[in-house]
Amino acid sequence: MKLSSLFIFFICFLAFSCKTPRPDISKALPTQMTKDILEKNPFWSINIATINTYSIPVLPPFRQERISLIGDRIDHFQFDYVSIQEAFSSSVRKKLYARSLMPHQFYFDVKGTIGSGMVMLSKFPLEKKSFWYHLLMGRKRDAEFWSGKGIAKTTIIKDELPVSLYNVHLLSRLSKNSDEYTDYNSVDRLSELFEVFTQIIEQRDSDAFAILGDFNMNSKNKEFDFFRNLTQLEGTYFKDEESNFCTYCEDNTFNTKSEGVLDYIWLSPRLEFLESEIFLKKTFVIDGKPSNLSDHYGVR
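Below or above, wherever it landed, is the structure these notes cover.

Calculation rules
Residues numbered from 1 in each chain as written. Predicted model: local features only at pLDDT ≥ 70, side-chain atom pairs only at ≥ 80, totals over all residues. Heavy atoms only, no water. Helix = DSSP H or I, 4+ residues; strand = E, 2+ residues; numbered from the N terminus. Contact = heavy atoms within 4.5 Å. Areas by Shrake-Rupley, 256 points an atom, 1.4 Å probe, with all protein chains shown as cover. Salt bridge = Lys/Arg side-chain N within 4 Å of Asp/Glu carboxyl O. Buried < 20%, exposed > 50% of the residue type's maximum accessible area, 1.4 Å probe, protein only. Disulfide = S-S within 2.5 Å. Phe/Tyr/Trp six-rings, centres within 6.5 Å; stacked < 30°, edge-to-face > 60°. Expected span 1.5 Å × (residues − 1).

1. A short note on the overall build of the chain
(1) Moving on: Within the chain, the secondary structure is distributed over six helices and 14 strands.
(2) Moving on: The contacts of the chain with a sequence gap of at least 6 include a subset with a gap of at least 24, amounting to 67%.
(3) Moving on: When the accessible area of the chain is evaluated, it comes to approximately 15400 Å², of which 56% is carbon and sulfur surface.

Given below as C-alpha coordinates:
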(Lines give C-alpha, C1' and ligand atoms only; values in the text may rest on other atoms or scores of the structure.)
Protein backbone atom coordinates (compact mmCIF):
# COMPACT_ATOMS: atom_id res chain seq x y z
CA MET A 1 0.00 0.00 0.00
CA LYS A 2 1.37 3.42 -0.93
CA LEU A 3 2.37 5.84 1.80
CA SER A 4 -0.26 8.36 0.63
CA SER A 5 -2.99 5.72 0.93
CA LEU A 6 -1.85 4.83 4.42
CA PHE A 7 -1.95 8.49 5.38
CA ILE A 8 -5.51 8.92 4.09
CA PHE A 9 -6.59 5.76 5.92
CA PHE A 10 -5.02 7.06 9.14
CA ILE A 11 -6.77 10.43 8.86
CA CYS A 12 -10.13 8.77 8.19
CA PHE A 13 -9.61 6.46 11.16
CA LEU A 14 -8.89 9.41 13.44
CA ALA A 15 -11.89 11.34 12.14
CA PHE A 16 -14.35 8.52 12.81
CA SER A 17 -12.78 7.39 16.08
CA CYS A 18 -12.96 10.93 17.47
CA LYS A 19 -16.47 11.57 16.23
CA THR A 20 -18.81 12.91 18.88
CA PRO A 21 -21.26 10.16 19.93
CA ARG A 22 -24.81 10.64 18.74
CA PRO A 23 -27.40 11.40 21.45
CA ASP A 24 -28.87 8.43 23.26
CA ILE A 25 -32.46 8.13 22.04
CA SER A 26 -33.38 6.63 25.41
CA LYS A 27 -32.84 10.13 26.78
CA ALA A 28 -35.11 11.83 24.29
CA LEU A 29 -37.11 14.90 25.21
CA PRO A 30 -40.00 14.20 27.61
CA THR A 31 -42.65 15.22 25.09
CA GLN A 32 -45.48 13.21 26.62
CA MET A 33 -44.74 14.64 30.08
CA THR A 34 -44.82 18.20 28.71
CA LYS A 35 -48.04 17.51 26.83
CA ASP A 36 -49.68 16.02 29.93
CA ILE A 37 -48.70 18.99 32.13
CA LEU A 38 -49.98 21.56 29.65
CA GLU A 39 -53.24 19.67 29.13
CA LYS A 40 -53.72 19.50 32.91
CA ASN A 41 -53.01 23.24 33.21
CA PRO A 42 -54.25 24.90 29.99
CA PHE A 43 -53.67 28.38 31.48
CA TRP A 44 -49.97 27.77 32.08
CA SER A 45 -47.83 30.77 31.07
CA ILE A 46 -44.40 32.25 31.64
CA ASN A 47 -43.42 35.93 31.72
CA ILE A 48 -39.93 36.45 30.27
CA ALA A 49 -37.78 39.25 28.84
CA THR A 50 -34.40 40.10 27.34
CA ILE A 51 -32.53 43.34 28.11
CA ASN A 52 -29.20 44.63 26.83
CA THR A 53 -28.20 47.03 29.63
CA TYR A 54 -25.47 48.99 27.77
CA SER A 55 -23.19 48.67 30.78
CA ILE A 56 -19.97 48.14 28.84
CA PRO A 57 -16.59 48.76 30.53
CA VAL A 58 -15.95 52.11 28.79
CA LEU A 59 -18.26 53.80 31.28
CA PRO A 60 -21.30 54.89 29.23
CA PRO A 61 -23.23 57.80 30.76
CA PHE A 62 -25.28 57.28 33.93
CA ARG A 63 -24.44 53.59 34.12
CA GLN A 64 -25.25 53.09 37.82
CA GLU A 65 -28.38 55.24 37.69
CA ARG A 66 -29.69 53.46 34.60
CA ILE A 67 -29.05 49.99 35.98
CA SER A 68 -31.01 50.91 39.12
CA LEU A 69 -33.99 51.97 37.01
CA ILE A 70 -33.73 48.83 34.87
CA GLY A 71 -33.83 46.77 38.06
CA ASP A 72 -36.92 48.67 39.19
CA ARG A 73 -38.66 47.97 35.88
CA ILE A 74 -37.86 44.26 36.14
CA ASP A 75 -39.46 44.22 39.58
CA HIS A 76 -42.46 46.17 38.25
CA PHE A 77 -43.21 43.61 35.53
CA GLN A 78 -42.83 40.66 37.92
CA PHE A 79 -40.99 38.54 35.39
CA ASP A 80 -40.44 34.84 35.87
CA TYR A 81 -37.12 35.03 34.04
CA VAL A 82 -34.91 37.71 32.39
CA SER A 83 -31.86 37.40 30.12
CA ILE A 84 -29.39 40.25 30.62
CA GLN A 85 -26.52 41.27 28.33
CA GLU A 86 -23.57 43.66 28.82
CA ALA A 87 -23.60 43.57 32.64
CA PHE A 88 -19.79 43.35 32.76
CA SER A 89 -19.16 45.21 36.03
CA SER A 90 -19.58 43.50 39.40
CA SER A 91 -20.98 46.75 40.83
CA VAL A 92 -23.57 46.86 38.05
CA ARG A 93 -24.61 43.27 38.71
CA LYS A 94 -24.81 43.85 42.46
CA LYS A 95 -27.14 46.82 41.97
CA LEU A 96 -29.19 44.94 39.38
CA TYR A 97 -29.70 42.02 41.77
CA ALA A 98 -30.72 44.33 44.60
CA ARG A 99 -33.17 46.46 42.64
CA SER A 100 -34.79 43.71 40.56
CA LEU A 101 -35.57 41.64 43.70
CA MET A 102 -35.17 38.45 41.67
CA PRO A 103 -34.23 35.70 44.16
CA HIS A 104 -32.08 33.66 41.77
CA GLN A 105 -29.21 35.13 39.76
CA PHE A 106 -26.21 33.80 37.91
CA TYR A 107 -23.36 35.44 36.01
CA PHE A 108 -21.30 33.54 33.45
CA ASP A 109 -17.65 34.55 33.70
CA VAL A 110 -15.19 33.59 30.95
CA LYS A 111 -11.48 33.33 31.72
CA GLY A 112 -9.14 35.22 29.43
CA THR A 113 -11.80 37.78 28.48
CA ILE A 114 -13.42 40.82 30.05
CA GLY A 115 -16.30 38.50 31.02
CA SER A 116 -19.42 37.49 29.16
CA GLY A 117 -21.60 40.30 30.52
CA MET A 118 -24.43 37.75 30.55
CA VAL A 119 -26.71 37.38 33.57
CA MET A 120 -29.76 35.23 34.23
CA LEU A 121 -32.41 36.44 36.69
CA SER A 122 -35.23 34.17 37.81
CA LYS A 123 -38.02 33.66 40.31
CA PHE A 124 -37.23 29.97 40.23
CA PRO A 125 -34.01 28.05 40.88
CA LEU A 126 -31.65 28.00 37.90
CA GLU A 127 -30.86 24.37 37.22
CA LYS A 128 -28.37 22.69 34.84
CA LYS A 129 -26.53 25.93 34.05
CA SER A 130 -24.07 25.82 31.16
CA PHE A 131 -22.21 28.21 28.88
CA TRP A 132 -20.86 27.93 25.35
CA TYR A 133 -18.22 30.51 24.43
CA HIS A 134 -18.48 31.55 20.75
CA LEU A 135 -15.67 30.08 18.66
CA LEU A 136 -15.51 33.03 16.23
CA MET A 137 -15.45 36.57 17.64
CA GLY A 138 -14.28 38.85 14.85
CA ARG A 139 -10.84 40.41 14.54
CA LYS A 140 -8.30 40.61 17.33
CA ARG A 141 -7.87 44.35 16.79
CA ASP A 142 -11.54 44.92 17.64
CA ALA A 143 -12.36 45.30 21.33
CA GLU A 144 -15.28 42.91 21.05
CA PHE A 145 -12.90 40.06 20.25
CA TRP A 146 -11.92 40.10 23.93
CA SER A 147 -15.47 39.88 25.25
CA GLY A 148 -16.77 36.53 26.44
CA LYS A 149 -19.99 36.47 24.45
CA GLY A 150 -21.70 33.14 24.02
CA ILE A 151 -24.77 31.03 24.73
CA ALA A 152 -25.88 30.64 28.34
CA LYS A 153 -28.43 27.97 29.18
CA THR A 154 -30.44 27.01 32.20
CA THR A 155 -33.63 25.13 33.07
CA ILE A 156 -36.31 26.36 35.45
CA ILE A 157 -39.43 24.55 36.61
CA LYS A 158 -42.66 26.52 36.76
CA ASP A 159 -45.87 24.79 37.82
CA GLU A 160 -44.28 21.36 37.28
CA LEU A 161 -43.13 22.12 33.72
CA PRO A 162 -39.37 22.25 33.00
CA VAL A 163 -38.50 25.10 30.63
CA SER A 164 -35.07 25.49 29.04
CA LEU A 165 -34.00 29.12 28.65
CA TYR A 166 -31.13 30.46 26.56
CA ASN A 167 -29.38 33.84 26.88
CA VAL A 168 -27.69 34.67 23.58
CA HIS A 169 -25.38 37.54 22.59
CA LEU A 170 -23.90 37.58 19.08
CA LEU A 171 -21.07 39.59 17.58
CA SER A 172 -22.03 43.19 16.86
CA ARG A 173 -22.54 44.58 13.37
CA LEU A 174 -20.01 47.04 11.99
CA SER A 175 -21.69 50.44 12.04
CA LYS A 176 -20.36 51.48 8.61
CA ASN A 177 -22.36 48.76 6.84
CA SER A 178 -24.85 47.64 9.47
CA ASP A 179 -27.77 48.36 7.12
CA GLU A 180 -26.49 46.00 4.44
CA TYR A 181 -27.52 42.37 3.88
CA THR A 182 -24.10 41.27 5.13
CA ASP A 183 -21.22 43.00 6.91
CA TYR A 184 -17.62 42.09 7.73
CA ASN A 185 -18.72 40.01 10.74
CA SER A 186 -21.53 38.12 9.00
CA VAL A 187 -19.54 34.89 8.57
CA ASP A 188 -18.66 34.84 12.27
CA ARG A 189 -22.25 35.63 13.21
CA LEU A 190 -23.58 32.83 10.99
CA SER A 191 -21.23 30.45 12.77
CA GLU A 192 -22.50 31.68 16.13
CA LEU A 193 -26.11 31.14 15.03
CA PHE A 194 -25.27 27.58 14.03
CA GLU A 195 -23.81 27.13 17.53
CA VAL A 196 -27.15 28.31 18.94
CA PHE A 197 -28.94 25.77 16.75
CA THR A 198 -26.57 23.02 17.91
CA GLN A 199 -27.18 23.87 21.55
CA ILE A 200 -30.94 23.62 20.97
CA ILE A 201 -30.98 20.26 19.23
CA GLU A 202 -28.52 18.66 21.66
CA GLN A 203 -30.38 19.62 24.84
CA ARG A 204 -32.50 16.94 26.48
CA ASP A 205 -34.07 18.85 29.38
CA SER A 206 -37.38 20.01 27.91
CA ASP A 207 -39.20 20.46 24.62
CA ALA A 208 -40.56 23.72 26.06
CA PHE A 209 -37.80 26.27 25.53
CA ALA A 210 -37.16 29.93 24.69
CA ILE A 211 -34.15 31.66 23.18
CA LEU A 212 -33.70 35.26 24.28
CA GLY A 213 -31.03 37.84 23.61
CA ASP A 214 -29.26 40.43 21.49
CA PHE A 215 -28.76 38.81 18.07
CA ASN A 216 -27.37 41.92 16.34
CA MET A 217 -29.36 41.13 13.19
CA ASN A 218 -32.53 42.58 11.72
CA SER A 219 -35.05 41.15 9.29
CA LYS A 220 -33.13 42.53 6.28
CA ASN A 221 -29.86 40.79 7.17
CA LYS A 222 -28.68 37.45 5.82
CA GLU A 223 -28.29 36.03 9.32
CA PHE A 224 -31.98 36.55 10.09
CA ASP A 225 -33.11 34.54 7.07
CA PHE A 226 -30.52 31.86 7.86
CA PHE A 227 -31.62 31.38 11.48
CA ARG A 228 -35.34 31.54 10.78
CA ASN A 229 -35.10 29.00 7.95
CA LEU A 230 -32.74 26.75 9.91
CA THR A 231 -34.82 26.54 13.08
CA GLN A 232 -38.37 27.21 11.83
CA LEU A 233 -39.06 28.75 15.24
CA GLU A 234 -41.61 31.45 15.95
CA GLY A 235 -40.00 34.65 17.10
CA THR A 236 -40.67 38.29 17.92
CA TYR A 237 -39.13 39.36 14.63
CA PHE A 238 -41.71 42.03 13.61
CA LYS A 239 -41.09 41.51 9.89
CA ASP A 240 -43.64 44.08 8.71
CA GLU A 241 -41.55 46.69 6.92
CA GLU A 242 -44.38 49.21 7.10
CA SER A 243 -44.22 49.20 10.90
CA ASN A 244 -41.92 51.22 13.12
CA PHE A 245 -40.77 48.28 15.21
CA CYS A 246 -37.16 48.51 16.37
CA THR A 247 -35.08 47.81 19.44
CA TYR A 248 -32.05 49.84 18.32
CA CYS A 249 -33.74 53.09 17.37
CA GLU A 250 -32.86 56.59 16.22
CA ASP A 251 -35.22 58.13 18.81
CA ASN A 252 -33.06 56.62 21.60
CA THR A 253 -30.85 59.20 23.34
CA PHE A 254 -27.76 56.99 22.84
CA ASN A 255 -28.20 56.38 19.09
CA THR A 256 -27.82 58.42 15.92
CA LYS A 257 -29.63 55.99 13.60
CA SER A 258 -32.02 53.06 13.65
CA GLU A 259 -30.91 49.50 12.91
CA GLY A 260 -34.30 47.87 13.41
CA VAL A 261 -35.09 44.92 15.68
CA LEU A 262 -31.84 43.39 16.99
CA ASP A 263 -33.25 41.73 20.14
CA TYR A 264 -35.57 38.72 20.03
CA ILE A 265 -37.37 35.96 21.85
CA TRP A 266 -37.81 32.69 19.90
CA LEU A 267 -40.13 29.94 21.16
CA SER A 268 -40.17 26.18 20.72
CA PRO A 269 -43.20 24.70 18.91
CA ARG A 270 -44.54 23.55 22.30
CA LEU A 271 -45.13 27.19 23.32
CA GLU A 272 -46.88 30.16 21.75
CA PHE A 273 -46.93 33.91 22.30
CA LEU A 274 -49.88 35.24 24.28
CA GLU A 275 -48.53 38.77 23.87
CA SER A 276 -45.20 40.43 23.13
CA GLU A 277 -43.91 43.96 23.42
CA ILE A 278 -40.85 46.12 22.89
CA PHE A 279 -40.51 47.89 26.23
CA LEU A 280 -38.20 50.16 28.30
CA LYS A 281 -38.74 52.93 25.75
CA LYS A 282 -39.43 55.66 28.30
CA THR A 283 -36.94 58.52 28.64
CA PHE A 284 -35.84 59.50 32.15
CA VAL A 285 -34.18 62.68 33.39
CA ILE A 286 -30.87 61.83 35.08
CA ASP A 287 -28.67 64.63 36.45
CA GLY A 288 -30.78 67.10 34.50
CA LYS A 289 -30.32 65.31 31.16
CA PRO A 290 -32.82 63.13 29.26
CA SER A 291 -31.65 59.53 29.01
CA ASN A 292 -33.02 56.18 27.92
CA LEU A 293 -32.19 53.20 30.10
CA SER A 294 -30.05 51.56 27.40
CA ASP A 295 -29.11 51.95 23.75
CA HIS A 296 -31.32 48.88 23.12
CA TYR A 297 -34.98 48.64 24.08
CA GLY A 298 -35.99 45.39 25.74
CA VAL A 299 -38.35 42.68 24.49
CA ARG A 300 -40.85 40.92 26.74
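2. Digging into the pattern of salt bridges
It is possible for side chains bearing opposite charge to pair when their charged atoms get close.
(1) Moving on: In the structure shown here, the tally under the stated rule is nine salt bridges.
(2) Moving on: The partner of D80 in a salt bridge is K158, with the nearest N and O atoms 2.8 Å apart. Of the two residues, D80 is situated in the loop between α3 (63-77) and β2 (81-87) and K158 in strand β6 (residues 150-158); the sequence distance between them amounts to 78 residues.
(3) Moving on: Take K158: its relative accessible area is 12%, and that puts it in the buried class.
(4) Moving on: In this structure, D205 and K128 form a salt bridge, with 3.0 Å as the shortest nitrogen-oxygen distance. On the criterion of sequence distance, the pair formed by D205 in the loop between α5 (186-202) and β8 (209-214) and K128 in strand β5 (residues 127-133) is long-range, its members being 77 residues apart.
(5) Moving on: For K128, a relative accessible area of 54% translates into the label exposed.
(6) Moving on: Overlapping salt bridges, with partners in common, bring together K128, K153 and D205 in one network.

3. Some thoughts on the state of the cysteines
By definition, a disulfide links the sulfur atoms of two cysteine residues through a covalent bond.
(1) Moving on: Scanning the entire structure with this criterion turns up one disulfide.
(2) Moving on: Between the sulfur of C246 and that of C249 lies a disulfide, 1.9 Å long from S to S. Its torsion about the S-S bond being 130°, the disulfide of C246 and C249 is classed as right-handed. Each member of the pair, C246 as well as C249, carries the same accessibility label: buried.

4. Considerations on the side chain of E195
(1) Moving on: Among the secondary structure elements, E195 is positioned in helix α5.
(2) Moving on: Aside from chain neighbours lying at most four places away, what touches E195 is W132, H134, L135 and I151.

5. Digging into the packing of aromatic side chains
(1) Moving on: In this structure the tally under the stated criterion is 15 aromatic pairs.
(2) Moving on: Consider the rings of F77 and F79, whose centres lie 5.4 Å apart with planes at 25°: the pair is stacked.
(3) Moving on: A relative accessible area of 21% means that F77 is categorised as partly exposed.
(4) Moving on: The class of F79 is buried, set by a relative accessible area of 0%.
(5) Moving on: When the ring of F77 is compared with that of F279, the centres are 5.2 Å apart and the planes differ by 80°; the resulting orientation is edge-to-face. You can see F77 sitting in helix α3 and its partner F279 sitting in strand β11 (residues 278-279), a full 202 residues away along the chain.
(6) Moving on: Judged by relative accessible area, which is 4%, F279 ranks as buried.
(7) Moving on: The rings of F215, F224, F227, Y264 and W266 are connected pair by pair, giving a single aromatic cluster.

6. Quick look at the environment of P162
(1) Moving on: With respect to the secondary-structure elements, P162 resides in strand β7 (residues 161-169).
(2) Moving on: When neighbours within four sequence positions are excluded, P162 is seen to be in contact with M33, T155, I156, I157, D205, S206 and A208.

7. Remarks on α3
(1) Moving on: Its 15 residues give α3 an end-to-end C-alpha distance of 21 Å, which sits within 8% of 21 Å, the value for a rise of 1.5 Å per residue.
(2) Moving on: Every buried residue of α3 is accounted for by R63, R66, I67, S68, I70, G71 and I74.
(3) Moving on: The secondary structure elements touched by the buried residues of α3 are β1 (48-55), β2, α4 (90-100), β4 (118-122), β12 (284-286) and β13 (289-291).

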